[in-house]
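Below, each chain spelled out in residue letters.
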Amino acid sequence: MRQLPRILTAVRRTALQSVPTIVGIVILNFFLLRLAPGDAADVLAGEAGAATEETLAALKAKFGFDLPVLQQLGTYLWNLAHFSLGISPRYNQPVAELIAERLPNTLSLMGAALGFALLTGIALGAVMASFAGRVPDKVLSVLSLLFYSIPSFWIGLMLIVLFAVKLGWLPSGGAETIGAGFSGGEMLLDRARYLVLPAFSLALFYVAIYARLTRGEMLEVKAQDHVRTARAKGLSPFAVATRHVLRNALIPVTTMAGIHLAGLLGGAVVVETVYSWPGLGRLAYEAVLGRDFHVLLGILLLSSLLVVAINAAIDILQAALDPRIEVR
Amino acid sequence: MPLPPAPASSAKSLTFRGEIHRRTVLAGAAALFLGGGGAFAPAWAKDEAEGAGSAPVKGGVLRFLVEHEPSTLVTIAHTAGPTQRISPKVTEGLLTYDLNFNPQPALATRWDVSADGLTYTFKLREGVKWHDGQPFTAADVAYSLDLLKKIHPRGRGTFASVTAVETPDDHTVIIRLSKPATYLLTALDANESPIVAKHIYEGTDPLTNKNGSAPIGTGPFLFREWVRGSHIILERNPDYWDAGKPYLDRVVVRFIADQSARSAAFEAGELDLAGGPPVPYADLARVSALPGLGAETRGYDYAGRMTQLYFNFERPQLQDRRVRLAIAQAIDLQKLLDVVYFGYGKVAASVISPNLKAFVDPSLEPYGYDLKAANALLDEAGYPRKADGTRFALRLYANPFNTQAAGDFVKQSLAKVGIPVDFQFFDFATYIQKTYTSRDFDITLESLQNLFDPTLGVQRTLWSRNFRIGLPFSNASHYSNPEVDRLLEAAAIERDPQARRQLWFDFQKLVHDDVAAVGLLAPDGVTIFNRKVKNHTIGVTGVDASFADVYIEA
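Once a new chain begins, its residue numbering starts again from 1 and follows that chain's sequence as written. Numbering of ligands from 1 and lettering of chains from A proceed in the order in which they are written. For this predicted model, a pLDDT threshold of at least 70 governs which residues receive local features, and a threshold of 80 or more governs which side-chain atom pairs are given and counted, while totals over whole chains, interfaces and linings are taken from all residues. In computing side-chain values, all of the structure's heavy atoms are included and hydrogens and water are not.

**A few points about the overall build of chain A**
- Looking only at helices and strands, chain A has 13 helices and 2 strands in total.
- Taking all contacts inside chain A whose residues are at least 6 apart in sequence as the whole, residues at least 24 apart take part in 75%.
- Computed by Shrake-Rupley with a 1.4 Å probe, the accessible areas treat only the displayed protein chains as cover when residues are assessed. When the accessible surface of chain A is split by element, carbon and sulfur atoms take 70% of a total near 16100 Å².
- The sign given to each residue is positive for Lys and Arg and negative for Asp and Glu; His and the chain ends receive no count. Where a charge lies is defined by one atom per residue type: Lys uses NZ, Arg uses CZ, Asp uses CG and Glu uses CD. Positive and negative side-chain charges in chain A, numbering 26 and 21 respectively, have mean positions lying 16 Å apart. Helix numbering and strand numbering both begin at the N terminus, where a helix is a DSSP run of H or I of at least 4 residues and a strand a DSSP run of E of at least 2. Residue contacts are defined here by distance: any two heavy atoms, one from each residue, within 4.5 Å place the two residues in contact.

**With respect to unusual backbone geometry**
- Each neighbour pair has its own omega, and for K245 of chain B with P246 of chain B the value is -5°, a cis peptide bond.
- For P246 of chain B, the location among the structural elements is in the loop between β9 (231-236) and β10 (250-255).
- With omega at 25°, the peptide bond leading from G276 of chain B into P277 of chain B counts as cis.
- Considering the arrangement of structural elements, one finds P277 of chain B in the loop between β11 (273-274) and α9 (281-288).
- Phi at R291 of chain A is positive, roughly 55°, even though this residue is not glycine.
- Exposure categories follow from relative accessible area, calculated using a 1.4 Å probe and restricted to protein chains: below 20% of the type maximum is buried, above 50% is exposed, and the middle band is partly exposed. Judged by its relative accessible area of 4%, R291 of chain A falls in the buried class.
- For F342 of chain B, which is not glycine, the phi dihedral falls at a positive 50°.
- Structurally, the position occupied by F342 of chain B is in the loop between α11 (333-340) and β14 (345-347).
- On the basis of relative accessibility, which here comes to 45%, the residue F342 of chain B falls in the partly exposed class.

**Concerning the layout of surface pockets**
Residues and elements named next belong to chain B.
- Both cavities and pockets are sets of points on a 1 Å grid over the protein atoms alone; in a cavity a 1.4 Å probe fits but cannot get out, in a pocket the set is open with protein on both sides within 12 Å along at least five of seven lines, and lining residues sit with an atom within 4 Å of a point. Grid points are joined across faces, edges and corners, and a volume is the space filled by probe spheres set on the points. As a volume, the second largest pocket reaches approximately 850 Å³.
- Along the wall of the second largest pocket there are 30 residues; nearest its centre are R156, G157, A160, Q459 and W463.
- When its residues are assigned to classes, the lining of the second largest pocket shows 14 nonpolar, 8 polar and 8 charged. In this classification, the charged set is Asp, Glu, Lys and Arg, the nonpolar set is Ala, Val, Leu, Ile, Met, Phe, Trp, Tyr, Cys and Pro, and all remaining amino acids, among them Gly, are polar.

**Overview of the pattern of salt bridges**
Residue and element names in this part refer to chain B.
- We define a salt bridge as a contact between a side-chain nitrogen of Lys or Arg and a carboxyl oxygen of Asp or Glu at a distance within 4 Å. On inspection of all chains with the given rule, the structure shows 32 salt bridges over all chains.
- Its salt-bridge partner being K198, residue E202 comes within 3.7 Å of it at the nearest N-O pair.
- Classification of K198 by relative accessible area gives partly exposed; the value is 27%.
- In this structure, E483 and R486 form a salt bridge, with 3.0 Å as the shortest nitrogen-oxygen distance.

**Re the interface of chain B and chain A**
- Tallying the contact residues gives 46 residues for chain B and 44 residues for chain A.
- Defined here as a combined quantity, buried area equals the accessible surface (1.4 Å probe) lost by two parts on assembly, summed across both. With both chains or domains summed, chain B and chain A bury close to 3900 Å², and 57% of this area falls on carbon and sulfur atoms.
- When the buried surface of chain B facing chain A is broken down by residue, S71, R156 and R228 of chain B rank first, second and third, together holding 15% of it.
- Applying the counting criterion to the chain B and chain A interface returns 2 salt bridges.
- Residue assignment for the side of chain B that touches chain A shows that the elements contributing at least two residues are β9, β10, α8 (259-267) and α14 (428-437) of chain B.
- Grouping the amino acids of the side of chain B that touches chain A by side-chain chemistry returns 20 nonpolar, 12 polar and 14 charged.

**Regarding the side chain of S230 of chain B**
- Its location among the elements puts S230 of chain B in the loop between β8 (221-227) and β9.
- Excluding anything up to four places from it in sequence, S230 of chain B contacts P278 of chain A together with V253, R254 and F255 of chain B.

**Observations regarding the nonpolar core**
Residue and element names in this part refer to chain B.
- The definition of a nonpolar core used throughout is a set of buried Ala, Val, Leu, Ile, Met, Phe, Trp, Tyr and Cys residues joined through side-chain atoms within 4.5 Å. In terms of nonpolar packing, the biggest core is built from 133 residues, with L94, F122 and F507 touching the most fellow members.
- Broken down by element, the residue count for this core peaks at 7 residues, all from helix α5 (residues 138-151).
- Discounting chain neighbours no more than four positions away, the residues touching F122 are L94, L95, A108, R110, W111, H171, T172, V173, I175, L185 and L188.

**Focus on the domain arrangement of chain A**
Residues and elements named next belong to chain A.
- If you check the domain split of chain A, you get domain 1 (4-95) and domain 2 (98-289).
- An automatic or database domain assignment provides the domain bounds reported here. With centres defined by C-alpha atoms, the gap from domain 1 to domain 2 works out at 33 Å.
- Counting residues at the interface gives 7 residues for domain 1, matched by 6 residues for domain 2.
- Broken down residue by residue, the surface that domain 1 buries against domain 2 is led by Y91, Q93 and V95, which jointly contribute 71%.
- Linking domain 1 to domain 2 there are 0 salt bridges.
- Two N or O atoms form a polar contact when they lie within 3.5 Å of each other; inside protein one atom must be a possible hydrogen donor and the other a possible acceptor, and for residues adjacent in sequence the pair counts only when both atoms belong to side chains. There are 5 residue pairs in polar contact (both at pLDDT 80 or more) connecting domain 1 and domain 2.

**Quick notes on the pairing of strand β19 (residues 527-530) of chain B**
All names here are of chain B.
- By the alternation rule, side chains of β19 split into T527 and F529 and I528 and N530, which are all buried.
- Any two strands with at least two DSSP bridges between them are considered paired. In the sheet, β11 pairs with β19 via 2 bridges, with the strands oriented antiparallel. Opposite A274, over in β19, you have I528 as the bridge partner.
- Where strand β12 (residues 293-296) lies against β19, 4 bridges are found, and the strand directions are antiparallel. Directly across from A295, in β19, lies its bridge partner I528.

**Looking at a nonpolar patch on the surface**
Residue and element names in this part refer to chain A.
- Put simply, a patch holds well-exposed residues, over 30% relative accessible area, that have no salt bridge, with like charges counted together within 9 Å and Val, Leu, Ile, Met, Phe, Trp or Tyr side chains within 5 Å. Where nonpolar side chains cluster on the molecular surface, the patch consists of F153, W154, M158, V161 and V270 and spans about 430 Å² of accessible area.
- The element contributing the most residues to the nonpolar patch is helix α7 (residues 152-166), with 4 residues.
- Within the secondary structure, V161 is located in helix α7.
- Given the relative accessible area of 33%, V161 is considered partly exposed.

Quick look at the structure:
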């Protein structure tokens, strides 16, 4: 733990540096979203199937869409400075509340998917590297290529057809048994049943990436001198593979996983849609369709915060994996 | 004729008078809405029509699918489809309508229209309580009508001529109009004109009132919870005014955005009922043939679905009637119906939906699919084919409520007569902006509901005074015809049903002859239901009804 003070300094510096970055991202997002034609008032009025000019004008005035763009940006930043993400015109609810409602679902799906992907991917990669060029390697290579190329909505639907429709083992969608009123262990088990299929569908793609990455890195590390030394000093092949080869091979895997983690926050739209999973990805997607920019800006802000935080965490993790890497 | 604020002794004669008038009104309506849904429903829907055979069963949970999550649960200020599905279960209206548009009592038990059509008197049901225990009175109705006129997207039009709402006693409401509005009596359903509690809305901004996300109404179901992105739970109201109803213990509303996932959920037996169609037309036959499931096409007439073609009259080519007629004749409507809509719907001959039987002119015929005539018309109009075989290009947009395939079909049809079409398919918000604000379309494939009355549903797109840039579903064509305007304005205030019908016939004839717009077809709504679920379709609003009568057979 001699690194602790240095880690703290690094965290503080990252936090400070991230402020201008985040403000820049917010402003950029704000203007990018303006490029989409129409605003939330247009959509609300349009969805109503009929509208009058008064309705539309009232809606626009209420949400401030009739103000100059810069003034709208000013208001948004002012609210943000007071830790308010604003109100969603569509849901008539504070954006922070909307996001907070969905965040636990997204985090559990993300965690389950990425955890599964990392464990399986690294294990498969290690197996492939150990049997490089032989039958197990070739079979797994084909399999990972398949996982990599199958679109997640298709695999999602196929899993639903098999496990929910044909076998009836698992529910076809949703996040819990609605209105069942479970608590404690029963509730966890119930939620887990709903989590299995979406997490698996989401994970497959990443399993393939991590397996390929681990395999390639392990083969490269294997050829290095320190591995020959380890073998020469009489360590068992398993100990060499895990402690000396795999550990070094994990550096790029963790880097990739960090990038994916941030991406998954809003990027699981497809899987969330197929499984009616009440997560942030779908909230973001619906916000785009409804031109609910406050919600979208909130989610983007959260994503960018997460990217910054995860990058910092990955730096620290890598320093722990490889002492030659230093936390600055 | 206004009812006098009743002394108890005159109650009997009052009832008598009210009944007479109501019967006249009903007879008129019945004569108008000839036929009705039943006769036109496909044979396989018929055996499911009546749950009459068996006695209703109490209890059970209905798993009801609403495709997309609504943004609010009360239709007082917002009329999007998902909101209309859920709102009437909790928040009721003054009337409901059977499958032939005949008004039925709901919160109003009797109603009376004065001879000059300017005074509507409603007797309200007594002993009704809001879900929070407060009594329901005439003040709530007056307040709601006022809100509807002020903030409801369509209410501003429907109730425009309302000058005063009087409440002589707690159970009488008198609406006074400046000019007759016959459509008023069909506009009082829960999903169109909900009655909300005055004590909840008073003194607040109705658009942000929390009642929108946790409604308190008088309806058969109490709102219990709304988990955003997942579901809504409604519980049986034990104190409902219609004693013994509702039969269901609970309605669980689920939202499933993905069409294939909806099919899968039906197949896995996780859903009991859904309107829409909830699954793609291509999947309908398969899903509705699953064991235990059925399909129903009735219960969508209140919305009056239509798919239409509108022209931009600011384009020189399209100002020529021959060009518009050629475009209409180049589209094979039957094939469009069969290929794109899998036969679910009816070919339309007029801009008024064939399902709106009180108003559609049955003598009109579609323009007919005739490529030869279309080519000849275009030649005659001065647009001969150029060396590359084309005449002039047009830009086509399509409301995303139509499928993209419908736009592709029109594109391919017009290519055959030498009109290359640049078809652009956008998401809803972009479509609204590009069609109604920047108006950079030449032709657009719209999906505009006729609603229950053409004054509300049809007038908006062809009335020259409704050419308002930036207003969704206005007269974006910029069609302007003084005679059409005159007929529309006359029909809006005509009291006599026959005379009004004739005005609408004249209007349709004129629009048809002028090819002002082309009503292509009226797509069917389709309800998918578990065969154990009974009474899901008992009125023109179908699954948008209150569900007080729905029960699940053991």
